[in-house]
Each structure stands twice: as C-alpha cells, then as structure tokens.
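Overview (structure and organization)
Below are the chains, spelled out letter by letter.
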Protein chains: 4
Amino acid sequence: MADRPVYRTALGASSPDRITLLGHDLAREVMGEVGFGELAFWLATQRRPSRGQTRVFEAVLAALADHGFTPTAIVTRLTYLSAPDSVQGALAAGLLGGGSRFLGVTEDCGRFLHDVLTRAEGGPPTDDAGWDALALATVRARREAGRFVPGLGHHVHKDGDPRTPRLMAIAAEEGLFGPHLALFAAIGRVHPRVLGKRLPLNGAGVCGAALADLGLPLELLRGFALLARTAGLIGQLAEELRHPVGNDIFLSVDLNNASVDPDPYRPS
Amino acid sequence: MADRPVYRTALGASSPDRITLLGHDLAREVMGEVGFGELAFWLATQRRPSRGQTRVFEAVLAALADHGFTPTAIVTRLTYLSAPDSVQGALAAGLLGGGSRFLGVTEDCGRFLHDVLTRAEGGPPTDDAGWDALALATVRARREAGRFVPGLGHHVHKDGDPRTPRLMAIAAEEGLFGPHLALFAAIGRVHPRVLGKRLPLNGAGVCGAALADLGLPLELLRGFALLARTAGLIGQLAEELRHPVGNDIFLSVDLNNASVDPDPYRPS
Amino acid sequence: MADRPVYRTALGASSPDRITLLGHDLAREVMGEVGFGELAFWLATQRRPSRGQTRVFEAVLAALADHGFTPTAIVTRLTYLSAPDSVQGALAAGLLGGGSRFLGVTEDCGRFLHDVLTRAEGGPPTDDAGWDALALATVRARREAGRFVPGLGHHVHKDGDPRTPRLMAIAAEEGLFGPHLALFAAIGRVHPRVLGKRLPLNGAGVCGAALADLGLPLELLRGFALLARTAGLIGQLAEELRHPVGNDIFLSVDLNNASVDPDPYRPS
Amino acid sequence: MADRPVYRTALGASSPDRITLLGHDLAREVMGEVGFGELAFWLATQRRPSRGQTRVFEAVLAALADHGFTPTAIVTRLTYLSAPDSVQGALAAGLLGGGSRFLGVTEDCGRFLHDVLTRAEGGPPTDDAGWDALALATVRARREAGRFVPGLGHHVHKDGDPRTPRLMAIAAEEGLFGPHLALFAAIGRVHPRVLGKRLPLNGAGVCGAALADLGLPLELLRGFALLARTAGLIGQLAEELRHPVGNDIFLSVDLNNASVDPDPYRPS
C-alpha cells in the first residue's frame, strides 16, 4: 500500500467558509428550502426528488412511523428506563427490532416484486389482463413452492388494510403508479383464484412496492422503514417522559414471573 | 398486583377497519397530507406544528443530517461491511456514536440556554441591552467556573459557521426567534469582551437554541439530531453500495498496524 | 499528513504462520491453557491475573450475569422476536440497557469509593477504627449534600444482600480484600449512626468495590457488568428458543393498550 | 385475555433472603465455585458442563476473542471516541458487526456440518474411510452447486491455520472429538481431490464444529463468538484509554477525503 487511500463522498463536506450537502451550499440552498422527507430521498439517491416523488415517499414514511406498542416501541421505552442517560441507546435498541419479522415486510415485498418483474419474459405487461396473468403465475409458483406471497395478509385488518388503497391513490395522483404497484394490485385481484380465499394487501407491502417504484435502492428499503420508525420512537420516548409506562411493563413481566425461587425446572 | 396494568399511547392505534395516528385517521388525514418533518414534530410534541415551525425544524434537520466522514458515518459503513445482512445493525451502530461529543452539542446548548433563562431574575430580557447584560453575566460565570460556553467555537469554521446566521434568519422570518436564540445571539456579541477573542457560534449550538425555542422537549434534543443523522446514514449506506470504501478504510487501519507479530509492548 | 498513520495494538495479531494474543502464541500458549474469565481480565489489563484474582473476578461476573426478567432480558427477547435473523442485534439491544440505572451501580460504586480514597488525607486508614472514621465522614458528607451513598440499599434484599458477605469472604480468602472493599464494609458498619436506619450493602456495589481492588480500569467497570450480562442474555435467548415468552410479553402490553382507537388524549 | 400471563425462567431469581441462578444458591454454590466460561455454557444449555467441556468451550472463546484491528474493533473505538459517556453503546456497536461476514463463519460452519450429518443416510460414519467418503460427497455437492465449503480457506493463513489442529487436539484430549469435528477434519483431508488445490481449515470453522460437538444450540453459535468478542472489545477499549488511536483513525479517513468542497460527482 504505497499511497494513502483516498475516500470519496458526495454527501456532506466543508471548508473553513463553506459547507456543502449533496454539492449544494447547505446554508443558502438547503436549509429552509428542502423539506426533511425530500432531503432523505435526495441523500439516498443523490437525485433531487420531484414534488410528487416526495409526496409518495412521505406518505410511506407516515404509514410506517408508529404502530403503537410494537416490540420496537416497548424495547425503546424499557431501554430508556434502564439507561436514561443514553437517548441514542434507547433509539438504537428499538431500531434493532427492525428485522425480518416486524419491519422486514416492506423490503421483502419490494424485492419480491422486483424479482418477478426482472424475470418476466418480454418485459412488464402493458394492460390489466397482462398484469393479471403475471400475478396469477406468480401466486401459483409461490403456492407450489409452499411459500406465502410477501405483502399478502394481515392479522388485524382482515377485510382490507386502509393504507393500501390510499397509497395506491396517492401514487396514481402523482403519476408514480409504476410496475411494482401494478403487479401488487394484480396480486390483490387474482390471488383468491389460487388460494381459495381473499386476503388483504397489507400496508407494509404496498409501501415496499411504492418505494421500489420510486427507484430507491432495494437493499435499503428496510432503511426507510427504520427512518420512519426513528420518528415514531422519538414520539414514544416523548410520551414516556410525560406518561411513563416502562416501569409498569417491566414489573408486569417480573412480578408475573413464576420462577421467583421455586426453581421451575431445576437443571441437573 | 390485582389488576392487569393498562398502557396508554396517543400515537399509533388500530382496529380491524381503521388505523389512527395521533388521533387522526392515518390513511385519510395523514398519508399524503402531512410531510415527514411535520409528522416527526407532531409525534414528539403531540401538537401539530405550524408551517413556520415545520420550516425551522426541517432547517435544523438539514443542518445536522450529514457531515461527511464523521465517526458515525465510518462506523455505519464498517458495520455494513462486516454484517451486510443487517441494515438495522449498521444504522443502529452509527447512531450509537451520537453521544456527548459529536452530536451532543445540540442538546447541551439547548439545555444550557434554558437553564440560564429559567434562572434569570425578573424573567427574560426585553431589549438588546438586556440580552447583552444577561449574556455577559453568563459568559463571565462560565469563565470563572473554568468551563466553556456550549455552542461557542468551531475547529474548522473559525471565522463563522454559515449555518448560524442562516438558521437565525429563517427563525426570524417565521416569527420564531425566541428567547433561546436571542440569548445565543447575545453570547455571540458579547463574549469577546470576556474571553478576549472572537469565537464563532457553531451550527450544532444554534440548532439546539432553535429546537428549544420551538418548545421541543429538552431531554430529547439529541434525539432530533439522531433523526437527522438517520437520513444521513442511509445516504452513507446508499453511497457505500455504489462506491464502496469501507473495506479500504478497514485495510488502511489493519495494514498500518505496527503490531503484526513483534509484540510492541509485550505484557509482563 | 505526510506519512500514513500507524496504529498499535498489543492484543490480537497474526502473520501467515502464527497468531498471537497479548504477545503469546494463541494456539500453543492460550487455547486450552487460559480460562475465559482469566483471559477477559488479561485483555482488559494486559497483565495476566493470578489464580486468586481470577477467582474474585469470576465471582463478580457470576453475581452480575443474570437477574431474571430485567429490562435488558425483556429487551433481548423482544428484539429476537422481532428480528430473529440477527442474534447480534438482540444481544446489542439488551446491552444498551446497561446504563446508569440498572447496571451502573457497579461502576458508580467503584468510582465513588476510589474518589474517597484518593482524597483521604494521610492516605488510606490502617485499622478498623480508621476505616470507620473515614466511612463516617463520607456518609455524613453525602447526607449533607442530599445525595445517597452508591451501593447502599436494595429494594428486595432489605435485610442483607447475600452476595455481599460472600464476595467479601472470597476476596479475603484470596488476599485481595483491599481498600475499596474495606471502605465499603466500613460504610456498612457506620451508616446507621448517620442515617438512623440500617440499609444493606448491595451486590452491585460490592462488585464495584472488588473490581476496583483488582486494579481494573474504573472507566470500564460497567464493561465487566456488560460482559457478565452478555453470558446471561445468551442464556435468556437459549431459554426463549426452548420456552418462548417474548410474544406473550408483547401481546400483554399491546392488548392491554387502552388507546386502541378511542384516542385517549386527543391532541389539538 | 382473562388472566394475567405468567412468565417462566430457570435462570436468575430472587426472594428477600435468597438469590438463585440456574436453581442453585448464587452466593454459596455459584460465586467462587463456578468459572465464567463454565457459567456461560451452563446458562446457554441449563446443563452444567464437565471440566473437559468447559476446557474446549474456553479454548473456542480464546480463539475468537480478538483479532486485532477488525471492523468491530475499529467501530468500538470510534464509537467510544464519539460518545465516551456510553461504554455500553461502544460495545454494542462493535458487536453489531458480528454478522454474516466477519463473525458468521463459526455459525455457518456448525450449521452446515450439522445439516450434512443429519441428512447422512445410515447415520454418521464409523471409520475414517466412511468420513472421507461422506466428506468427498459433501465437497462435490457444494462444488456442483457453485458454492464454497464453510470453514475452508483463509486469506492470511494459506498454509494452515494454527488454531485448527490445536482445537482438534484439545477436543481429542477431553474425549470430545465428535462427529462435527470428524467431518470437518475429513473435509480437510479430501477436498484437494475435488478442488484441485489444498485450502486450510480455518479457525472460525473449527470453532463452529467444536461448539456443535459440545451440543450447544446451533441458532446461537454466533452468540458465543459475540461473547468472546465482548471480552476482546473491552480489551480494545482499555487499550484505547491508555494509547488512543481512534481520533487518528477518524482523521486519516476524514483528511483523505477527496470531496472536501470540489463536489466530486455533483448530482443533477
């Protein structure tokens, strides 16, 4: 290694009298001019989004920001209870629950739709009949493989997730209803023919489809769910400061612990 | 504990046919209607911000989103290099650097200004002379205690941090130049009389002052810096995907390691 | 920066045919020869501990490894529930609760005792009467300052924490009952004269005293509590795999959520 | 949910006058009696290990504790630099790199060997010829699938990883050289016949084989690597306190940043 390595970034940079972000003067061209959703999109793609792209993106972030007492919310509250000196630790702990099960559907669904589209012979369909045929083949293939379809089904919103039609409508209004949303919608239409029952297209899934249609990097779809959730977890912490429940949650687990002393299954 | 504990939240909630966020219908009243910065403010305060409050808040987030190859950015890239299966881990690791030194100035400055204002006899001043007098007493007291003034000084922007006048101007435009910003500005005017040299009011500090003037919870000012940085770290990951440097950074450390074998200071 | 920086470490190093750890041949001199507690001590101090030092250190680790359904244990189980693909995330999330409140007493107590000893005029006492006098002055000073004494008091073990006399006895057996433990024991003897009631010396506190007497770095006492807890959290995960309760804990919080729809305190 | 849920754990429990760990009196039967490696094994399996099992387990932990300036070590140092108030954050950040690439080989190799053994018709072989035949079929199948064999190959120790024969010898000495190690050793013997070149059996892989032979849960093999690494990261922090290099590492990246101002690839 004869030479020192040089590292490049097109994000933040500074010199004594100037700070740039994404190649623009931070103080004059970004602060006060660029909204936070718009900026997050821009940072992720290094392409400034249009007003419509920003609106769809922010609708996705709103859909994913907070779902009440999820495991991630409970984790953030309990970590803050235990280590109130470290807000960053409480937020990081909550985000660590953003994995395959609770926040992963968004990414899984976006990647799944993208894979199907990439492999579709002759390119993506051009009419509803074409979409239905592709969706039908897709659902059949999953069923034959014994695998479920990402984004299909919800344990609470059994008759329909209200986020799904709303996000599709927003994307359509902004001219951003692209192939991922089209395929997802078609899956919603045709799957009962294969599965014998109607399942809802869930909100996490439609968010993945919309993010993929926006051209955001598939590897980071989970990251956008985490960005949304960061705002939600700050909300959870703010509420915990005003109306604390973390200690009650802890005690409800600890005091309902059957093993206080009697050694429930004593190891050999 | 005779009864089951009941936990309350006013954030996200859902029933089979409805999802609410902050007491509003998520699909109809939030998605497509509320920007992400606005939503983050709302979640943190449970008060919907005005357009001006949102603009100041988003200007702060822009100022803090990314500062290039900070320790947090390097940490996120190295963690992704090491565990690419876990985007949440890479983001969480980066956020864990958001503590007292690199991201803490925002919170420290907001709290410091608030403490001074709370203790000011007769309430906050009403004119510039009053602000200057309070600032002078404040800087003197810090100097006598051998402590520096939070938000004062910057290792790069020695002649002025361009974010500071810009954020003050935005706050003033929106009618949100409150007592924290007023005190901070006064500190900027008077400190040379005490310290014998002129230091810049830094960008992290002015962000803390502006957030405090917005009425955001002081305990969570660091949290907003972390929210901004989450967007920046996603940008860092997106760039790492396109132009990876994490492995070069790792190797530049590892291969410049003097201890490969010769046991530099052999323990007893 | 004309030259490349060079970084030194005396921990792990390797060349094509040899791996060293702490300056010793890893395969021949460490593996199979050095226990894990001994190695952890050695890594932290770069001094190989004696058999007695190792025994006291491992007794501390045993005392801190697991305390049942603490917030950290609940957090690890819920994070695993939510992101089972990332064991590292579940462990990291649990450790993030190891802050000032739940795991911090060990560090606080060790630092506190060390500060008192450092400031004691004429050096540490040489007999019990001297220790009692120092302890008395210490407890009085804390009381006058309105602050409690770290390591004193326990919400469950009101009549005595069984770990405390046991750890003191082990340290004494090994000739490692040093000034921190002596001061802590004296605080246990004299505090009722000041406080008017007898409080137990708690286990977390005595661990801090013992670690300080072992000469471990005070800045990292919390780190040893976290090392112990890592073993405990792996135990919690192993148990969760065999007898899962994480989902029940989550549901007990979520289903006891009063805010499912009725908007408990609707924001303006 | 008519009744309060009850949660069980066989790990830590306490009543006012007694603390138990794994069903034993913590103070009398565990502290001073049980080493830390032994305890970690016991917590993970709820079976107290024999002296030989503990020795093999601790040899694995020694092999994985620290490998110098790995990404995880750099991350822990940089996070501590940035947030020195949170030791737990610095350790957690380092552990988050313990994913698929750098610490994952141990788990991958253990699981892989287990899968092969589970699927072997007629049960595991009983002599070297049988092991070689199974290994040969295994390596061939991987090669035909275009996949590499977990645990085979090392970028530095090309002529042999010294940890591998040592760990096998220790396991043999303790009568714990079981089927996973036998298969791994056979892969080492036969793979050149398939691959046309000799690759080393690496240390991370042999650790996975040994942990699997110890009967530890396969889902948590990565967890033991993380436990070992926690001790290593505490060592890295202790060294950083004495001989700091974190800031130099940060500056070497930041100052070698080509993008300070000239906007390297200006976004549109």
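Residues numbered from 1 in each chain as written. Chains lettered and ligands numbered in written order. Predicted model: local features only at pLDDT ≥ 70, side-chain atom pairs only at ≥ 80, totals over all residues. Heavy atoms only, no water.

1. Some details on the overall build of chain A
- Broken down by element type, chain A carries twelve helices and three strands.
- Residues classed as buried in chain A amount to 66% of the 268 residues present.
- Side-chain charges in chain A split into 27 positive and 29 negative, and the spacing between the mean points of these groups amounts to 5 Å. (Helix = DSSP H or I, 4+ residues; strand = E, 2+ residues; numbered from the N terminus. Buried < 20%, exposed > 50% of the residue type's maximum accessible area, 1.4 Å probe, protein only. Lys, Arg positive; Asp, Glu negative; His and termini not counted. Charge placed at Lys NZ, Arg CZ, Asp CG, Glu CD.)

2. A few points about the sheet that holds strand S3 (residues 24–25) of chain C
All names here are of chain C.
- Strand order in this open sheet of three strands is S1-S2-S3, and the pairing throughout is antiparallel. Both edges of this open sheet fall to strand S1 (12–15) and S3, since each of them pairs with a single strand only.
- The pairing of S1 with strand S2 (residues 18–21) spans four bridges and is classified as antiparallel. Directly across from glycine 12, in S2, lies its bridge partner leucine 21. (Pairing = 2+ DSSP bridges.)

3. Here's the deal with the relation of the copies chain A and chain B
- For these two chains of identical sequence, chain A goes onto chain B by a turn of 180° and a shift of 0.0 Å along the axis, with RMSD 0.0 Å. Both copies of the chain, as the preceding transformation shows, are related through a two-fold rotation axis. In terms of C-alpha distance to the rotation axis, chain A has Ala92(A) as its closest residue, with the C-alpha 2.3 Å off the axis.
- Here 100% of the interface residues in chain A have copies in chain B that are interface residues too; the copies meet face to matching face. (Least-squares fit on C-alpha atoms with pLDDT ≥ 70 in both. Contact = heavy atoms within 4.5 Å.)

4. Remarks on the pattern of salt bridges
Residue and element names in this part refer to chain A.
- Counted under the stated rule, the structure contains 52 salt bridges over all chains.
- Across the salt bridge formed by arginine 77 and glutamate 239, the nearest N and O atoms sit 2.8 Å from each other. Here the residue arginine 77 occupies a position in helix H4 (residues 71–82), and glutamate 239 occupies one in helix H11 (residues 221–242), the gap between them amounting to 162 residues.
- By relative accessible area, glutamate 239 is classed as buried at 0%. (Salt bridge = Lys/Arg side-chain N within 4 Å of Asp/Glu carboxyl O.)

5. Regarding the interface of chain A and chain B
- In this complex, chain A contributes 89 residues to the contact, which on the side of chain B involves 89 residues.
- Sorting the residues of chain A by area buried against chain B places Tyr7(A), Met31(A) and Phe36(A) first, and these three jointly supply 11% of that buried surface.
- Remark: the boundary between chain A and chain B carries two salt bridges.
- Among the ionic pairs, Glu33(A) bridges to Arg166(B), the shortest N-O distance being 3.1 Å.
- The element that contributes the greatest number of residues to the side of chain A that touches chain B is H11(A), accounting for 17 residues.
- Tallied by class, the residues present in the side of chain A that touches chain B amount to 47 nonpolar, 24 polar and 18 charged. (Buried area = accessible area lost by both parts, 1.4 Å probe. Nonpolar A, V, L, I, M, F, W, Y, C, P; charged D, E, K, R; others polar.)

6. Observations concerning the packing of aromatic side chains
- For the coordinates displayed, the defined rule picks out 14 aromatic pairs over all chains.
- With a centroid separation of 5.5 Å and 85° between ring planes, the pair formed by Phe57(B) and Phe224(B) is classed as edge-to-face. Taken together, the positions of Phe57(B) in helix H3 (residues 51–64) and Phe224(B) in helix H11 (residues 221–242) put the pair 167 residues apart, joining distant regions of the chain. Assigned by exposure class, Phe57(B) and Phe224(B) land together as buried.
- Through a chain of ring-to-ring contacts, three or more aromatic side chains come together here, namely Phe41(A), Phe57(A) and Phe224(A). (Phe/Tyr/Trp six-rings, centres within 6.5 Å; stacked < 30°, edge-to-face > 60°.)

7. A short note on H3(B)
- Taking 1.5 Å per residue, 14 residues should reach 20 Å; H3(B) reaches 20 Å between its end C-alpha atoms and fits that length.
- Taken residue by residue, H3(B) has Gly52(B), Gln53(B), Thr54(B), Val56(B), Phe57(B), Glu58(B), Ala59(B), Val60(B), Leu61(B), Ala62(B), Ala63(B) and Leu64(B) as its buried positions. (Expected span 1.5 Å × (residues − 1).)

8. Side note on the environment of Thr20(B)
Residues and elements named next belong to chain B.
- Mapped onto the fold, threonine 20 is located in strand S2 (residues 18–21).
- On the accessibility criterion, threonine 20 (2% relative accessible area) is buried.
- Each C-alpha atom, one on threonine 20 and one on glycine 130, is 47 Å from the other, the two residues being 110 residues apart in sequence.

9. Re the packing of helix H6 (residues 104–119) of chain B against helix H9 (residues 179–195) of chain B
Residue and element names in this part refer to chain B.
- Following both chains from N to C, one finds H6 and H9 inclined at 95°, their axes separated by 10 Å at the closest point. The angle between the axes of H6 and H9 places the two elements in the roughly perpendicular class. Within the contact between the two elements, H6 uses Cys109, Gly110, Phe112, Leu113, His114, Val116 and Leu117 and H9 uses Pro179, His180, Leu183, Phe184 and Ile187.
- For the contact of H6 with H9, the residue count by class is nine nonpolar, three polar and no charged. (Axes fitted to C-alpha atoms, helices over the stretch in contact; angles between N-to-C directions. Parallel < 35°, antiparallel > 145°, perpendicular 65-115°, else oblique.)

10. Quick word on the domain arrangement of chain A
Residues and elements named next belong to chain A.
- With domains assigned, chain A is organised as domain 1 (34–100 + 220–253) and domain 2 (104–216).
- Using only C-alpha atoms to locate each centre, domain 1 and domain 2 end up separated by 25 Å.
- If you sort the residues of domain 1 by the area they bury against domain 2, Arg55, Val56 and Leu221 come out on top, with a joint share of 37%.
- Scanning the region where domain 1 abuts domain 2 turns up three salt bridges.
- We note a salt bridge from glutamate 107 to arginine 222, for which the minimum N-O separation is 3.7 Å.
- Taken together, the links from domain 1 to domain 2 amount to five residue pairs in polar contact (both at pLDDT 80 or more).
- Of all the secondary-structure elements, those providing two or more residues to the side of domain 1 that touches domain 2 are helix H2 (36–45), helix H3 (51–64) and H11. (Domains from an automatic or database assignment. Polar contact = N/O pair within 3.5 Å; in protein donor to acceptor, adjacent residues only side chain to side chain.)

11. Here we look at the sheet that holds strand S1 (residues 12–15) of chain A
- Spatial strand order, S1-S2-S3 (chain A): three strands in an open sheet with antiparallel pairing. Edge strands, defined here as strands with exactly one partner in the open sheet, are S1 and strand S3 (24–25) of chain A.

12. Considerations on helix H12 (residues 246–255) of chain D
- By the burial criterion, the buried members of H12(D) are Gly246(D), Ile249(D), Phe250(D), Ser252(D) and Val253(D). Down the axis of H12(D), the sector holding all buried residues measures 160°, keeping them to one side.
- Among the structural elements, helix H4 (71–82) and helix H12 (246–254) of chain B together with helix H4 (71–82) and helix H11 (221–242) of chain D are those in contact with the buried residues of H12(D). (Arc of directions from axis to C-beta.)

13. Some points on the side chain of Thr164(B)
All names here are of chain B.
- Residue position: threonine 164 is located in helix H8 (residues 163–173).
- On the basis of relative accessible area, threonine 164 is assigned to the buried category, the value being 4%.
- Sequence-distant contacts of threonine 164, that is, excluding residues within four places in its chain, are made with Leu201, Asn202, Gly203 and Val206.

14. Side note on the pairing of S2(B)
All names here are of chain B.
- Across two bridges, S2 lies against strand S3 (residues 24–25) in antiparallel orientation. Bridge pairing in S3 places threonine 20 opposite aspartate 25.
- The hairpin turn running from S2 into S3, its antiparallel successor, is two residues long, and leucine 22 in that turn takes a positive phi close to 60°.

15. Looking at the environment of Leu201(B)
- Assignment of secondary structure puts Leu201(B) in the loop between H9 and helix H10 (203–213).
- Placed 16 residues apart in sequence, Leu201(B) and Ala185(B) show a C-alpha to C-alpha distance of 8.0 Å.

16. Points about the environment of Gly99(A)
- In this structure, Gly99(A) sits in the loop between helix H5 (87–95) and helix H6 (104–119).
- For Gly99(A), the contacting residues outside a window of four places in its chain are Gly104(A), Arg222(A), Gln88(B), Ser82(C), Ala83(C) and Asp85(C).

17. Regarding unusual backbone geometry
All names here are of chain C.
- Residues other than glycine seldom take positive phi values, yet glutamine 46 does so here, at roughly 55°.
- Relative to the elements of secondary structure, glutamine 46 occurs in the loop between helix H2 (36–45) and helix H3 (51–64).
- A relative accessible area of 8% places glutamine 46 in the buried class.

18. Observations regarding the confidence of the model for chain A
All names here are of chain A.
- For chain A, per-residue confidence averages 92 on the pLDDT scale, and residues scoring 70 or more make up 95% of the total.
- Considering only residues more than four positions removed or in separate chains, one finds that residues 260–268, a stretch of pLDDT under 50, has 23 contacts.
- Two numbers describe this predicted complex: its pTM, 0.94, and its ipTM, 0.94. (pLDDT = per-residue confidence, 0-100.)

19. Brief notes about the side chain of Gln88(B)
- The topology assignment puts Gln88(B) in helix H5 (residues 87–95).
- Take Gln88(B): its relative accessible area is 0%, and that puts it in the buried class.

20. Looking at the state of the cysteines
Residues and elements named next belong to chain C.
- In this structure the tally under the stated criterion is zero disulfides over all chains.
- There is no disulfide at cysteine 109, and the cysteine sulfur nearest it, in cysteine 207, is 9.6 Å away.
- With a relative accessible area of 0%, cysteine 109 lands in the buried category. (Disulfide = S-S within 2.5 Å.)

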